[in-house]
Each structure stands twice: as structure tokens, then as C-alpha cells.
Amino acid sequence: MPFYLLPGPSNLTIDKHVAELCKYSRTIYRLMAINLAKAEERMQYFSNRTRTSKTFAKGEIAKLQGGRATRSDQHKLQPRFRVTEIVRSLGKNNYEIRLPEGSNIHPVVHADKLEKFWTTDPTKFPLAQQPGPAVLPPDTSPQPTDQAQKYPVRKYLLRNWNPVPPRYYVQWDTPAKELGWAYEDDALISDVAVYEKVNGILPEIGITAANKAAVLKHKRVKLQQKSPIVQNTWTGKAPWAAAIGRASTVKLPGLQTLPAANLHRIVQKRFEEQGLLMYYAGQVVATPKTGTGRYTIRYTDGYEEAVTHQELDRLLYRASARID
């Protein structure tokens, strides 16, 4: 039976403490609503302060900025642009774009992910010429393809220091996934730096006594390494001889029982950097007198740490190149 049908006094009163609590709660809720509205206005202000409106017409060519185009794409942290076509406008700065067959990304994107695509007007810039193929020294190493460096790189396999500056044996981001050589430039240096931090250190070949000083200088100046490692890390079969879909790995010897014999061994370790795990290469620069002591490792960014024999064995760098 409801309480108001129960027999009792008709002049019920509310406890003053309960009334004060209800009044205080309503005041708190009003203040929360006011503060939330102010916070929303402040967020909109800072978000729109640097935002520029971009509009695209149907059939217009645009550049799409994004992450992975396919599930096998390893460049998920690398911002890049792909040329695409605007199919139609869906309102509220959303556009449907034309994607290549087999792409796994959604065809509807926001205008923030699109950029205008500009081409050179020959009437306004008559002296502008498209860059031709780079003039490179003769290459005597085996190359499965003689492809120009014009496609995005899907995977880096190896760094060759003969000659300096180095060239990279890569797998191109094309439907056929061709293999070939990419020659280093400023854009490629940034791309490789991101790739190595995410996927691991690339194996290196071609370092000799004749070019060792040039390699050291290049790593310090161009690659911005405080403590460069100038040592070949790939001594096995060339990766271009590996079968497609198989991994070719150099089986380096394990740690020696005598600590001094482990001097200059190369390691690889992942450090947390801005919430992400990044790979760094290092080298043993000091060894203990006994097996129970600690080894000193110096990484390419200059950081040093001391590790035990067991920890060093887990950090040893084992170069591998996978073509798939």
C-alpha cells in the first residue's frame, strides 16, 4: 500500500537537513552545467582557431592523408598522401572518395584528411621541368628490378654503404610488390628513421676500412646519431636471394663465456617514448672483469646503461630480412 494511504498525521514535514542537502545538490549541479558549457566553448575555440575550411567538388582530384591502406601495410605511423578522386559530397565536410580495388579503408572521410592536389602550370612556369632519373654510379650488385624511385616504400630490408651515401634494398608499395633499390635523400632519411623505430634496426652491409670514416661522418651529420655504430651486421646470404614469403636471418654467435670477448657486440632494445615503444641500437663499450659483473651499453642517442650477462644475451641484435 502506498505510504500516503497509510493512517497517520496529515501535516507531514520534511526534515530541514534533507532540505538543505537537496538545495546544496541542486546548486552543485547548476555549477557543473555552467562549467561544462564553458569548457565546451573553450575547446571549440582552440579547435577552430587553426582550422581552415576545405571544400572539394565532385570529380576533383585530391590528396588523402592516412595510415594503412591494407592490413599488411607496416607504415601505420607514417603520415603519407595518396592521390584520390572525390565521388560526392555528403555534407558536414564529409566526402566519399574513390579507392583502389582491395583497399580496406572506409570510402567516407572528413575534409581534415584531404588536401588540395596542385599540378604545375606550364604556361606560368615554363622553365619548370619534371626531374629526370638520378645519375648514379654503376651498380654491380644483383638487382631483381631496375625500377625508378617513384613509388612509396612498403618495407625496408637492408642498408648498403657501398657507396656512401647508402642505398636501401626495399619492397615497393605496389600491387606486384616489386623489389629494388632506393637511394637516400632527405625525405628517405626521415622515412627510414620512423620505420626503424617502429619495426626494428635495419641490417647493414658494405662498411669497409676504406669508407669507415665516411660512414661515421654520414651517420653523425645526416642521421643525427651521437654514438654511431660502424659495423656490418649482415654477413649472410644477400636478402635478394631469399625466397618470397620466407625470412632470411643471420645466426650470429651467442655470448662468449669470457666477458672481454663480448666487447663491441651490437644490441637492440625498445624504449618507451611518448607512450610508444621505439627501437634503438646500441653497442657494448665496456665489459666486466668477471662473468658476474655488468656490461656497459651505449645507444646511438648517447644513452648508456649497465646490464647483466643474461640481460645482454636477450638484447643481442639478430639481423633478419623478411620478404613477403
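Structure shown above.
Read on for a plain summary of the structure. Model, not experiment: these values are computed from the prediction.

Structural notes on the overall build of the chain
On a plain count of helices and strands, the chain comes out with four helices and 15 strands. Burial statistics for the chain: of 324 residues in total, 30% are counted as buried.

Focus on the side chain of Glu 204
Residue position: Glu 204 is located in strand β9 (residues 204-205). Among the polar contacts listed, one links the side chain of Glu 204 to the side chain of Arg 159, at a separation of 2.6 Å. Excluding anything up to four places from it in sequence, Glu 204 contacts Arg 159, Trp 161, Lys 219, Ile 229, Gln 231, Asn 232, Thr 233 and Trp 234.

Some words on the side chain of Thr 84
For Thr 84, the position within the fold is in strand β2 (residues 80-91). A relative accessible area of 6% means that Thr 84 is categorised as buried. Engagement of the side chain of Thr 84 in a polar contact is seen with the backbone oxygen of Arg 98, the distance being 2.7 Å. Apart from residues no more than four positions distant in its own chain, Thr 84 is found in contact with Glu 60, Ile 61, Ala 62, Leu 64, Ile 97, Arg 98 and Leu 114.

Some details on the sheet that holds strand β14 (residues 304-307)
Pairing within the open sheet is antiparallel, and its four strands lie in the order β11-β12-β13-β14. The strands lining the two open edges of the sheet, one partner per strand, are β11 (266-273) and β14. Within the sheet, the average angular offset between the axes of one strand and its neighbour, ignoring direction, is 40°. Relative to strand β13 (residues 295-299), strand β12 (residues 276-286) is paired through four bridges, and the arrangement is antiparallel. Residue pairing across strands places Ala 286 opposite Thr 296, the latter belonging to β13. Sheet strands in contact with helix α2 (residues 186-199) are β11 and β12, and its direction is about 85° off that of β12.

Some details on the pattern of salt bridges
If charged atoms from side chains of opposite charge come close, those side chains can pair. One pass over the full model with this rule turns up 11 salt bridges. The partner of Arg 88 in a salt bridge is Glu 96, with the nearest N and O atoms 2.5 Å apart. Residue classification places Arg 88 among the partly exposed residues on the basis of a relative accessible area of 46%. Among the ionic pairs, Glu 305 bridges to Lys 269, the shortest N-O distance being 3.1 Å. Pair noted here: Glu 305 is in strand β14 and Lys 269 is in strand β11, with a separation of 36 residues, a long-range link. Assessed through its relative accessible area of 23%, Lys 269 is described here as partly exposed. Through salt bridges with shared partners, a single ionic network connects Arg 159, Glu 196, Glu 204 and Lys 219.

Side note on the sheet that holds strand β7 (residues 167-172)
Spatially, four strands are ordered β8-β7-β6-β9 in an open sheet, and the strand pairing comes out mixed. Every other strand in the sheet has two partners, leaving β8 (179-183) and β9 as the edge strands with one partner each.

Some details on the environment of Pro 175
Its place among the elements puts Pro 175 in the loop between β7 and β8. Overall, the relative accessible area of 89% leaves Pro 175 in the exposed class. As a C-alpha pair, Pro 175 and Gly 102 span 73 residues in sequence and 9.8 Å in three-dimensional space.

Looking at the environment of Asn 211
Considering the arrangement of structural elements, one finds Asn 211 in the loop between β9 and α3 (212-221). Sequence separation between Asn 211 and Val 164 is 47 residues, and the spatial gap between their C-alpha atoms is 7.6 Å. Sequence-distant contacts of Asn 211, that is, excluding residues within four places in its chain, are made with Trp 161, Val 164 and Gly 206. Side-chain polar atoms of Asn 211 contact the backbone oxygen of Trp 161, separated by 3.1 Å.

Some details on unusual backbone geometry
Here the residue pair Asn 162 and Pro 163 is connected by a cis peptide bond, since its omega of 10° sits within 30 degrees of zero. Along the chain, the position of Pro 163 falls in the loop between β6 (153-160) and β7. That bond from Val 164 to Pro 165 is cis: its omega, 0°, falls within 30 degrees of zero. Structurally, Pro 165 is set in the loop between β6 and β7. Even without glycine at this site, Gln 224 takes up a positive phi of about 60°. Locating Gln 224 in the fold gives a position in the loop between α3 and β10 (247-249). For His 264, which is not glycine, the phi dihedral falls at a positive 75°. Mapped onto the secondary structure, His 264 falls in the loop between β10 and β11.

The rules behind the values
- Residues numbered from 1 in each chain as written.
- Predicted model: local features only at pLDDT ≥ 70, side-chain atom pairs only at ≥ 80, totals over all residues.
- Heavy atoms only, no water.
- Helix = DSSP H or I, 4+ residues; strand = E, 2+ residues; numbered from the N terminus.
- Buried < 20%, exposed > 50% of the residue type's maximum accessible area, 1.4 Å probe, protein only.
- Polar contact = N/O pair within 3.5 Å; in protein donor to acceptor, adjacent residues only side chain to side chain.
- Contact = heavy atoms within 4.5 Å.
- Pairing = 2+ DSSP bridges.
- Axes fitted to C-alpha atoms, helices over the stretch in contact; angles between N-to-C directions.
- Salt bridge = Lys/Arg side-chain N within 4 Å of Asp/Glu carboxyl O.

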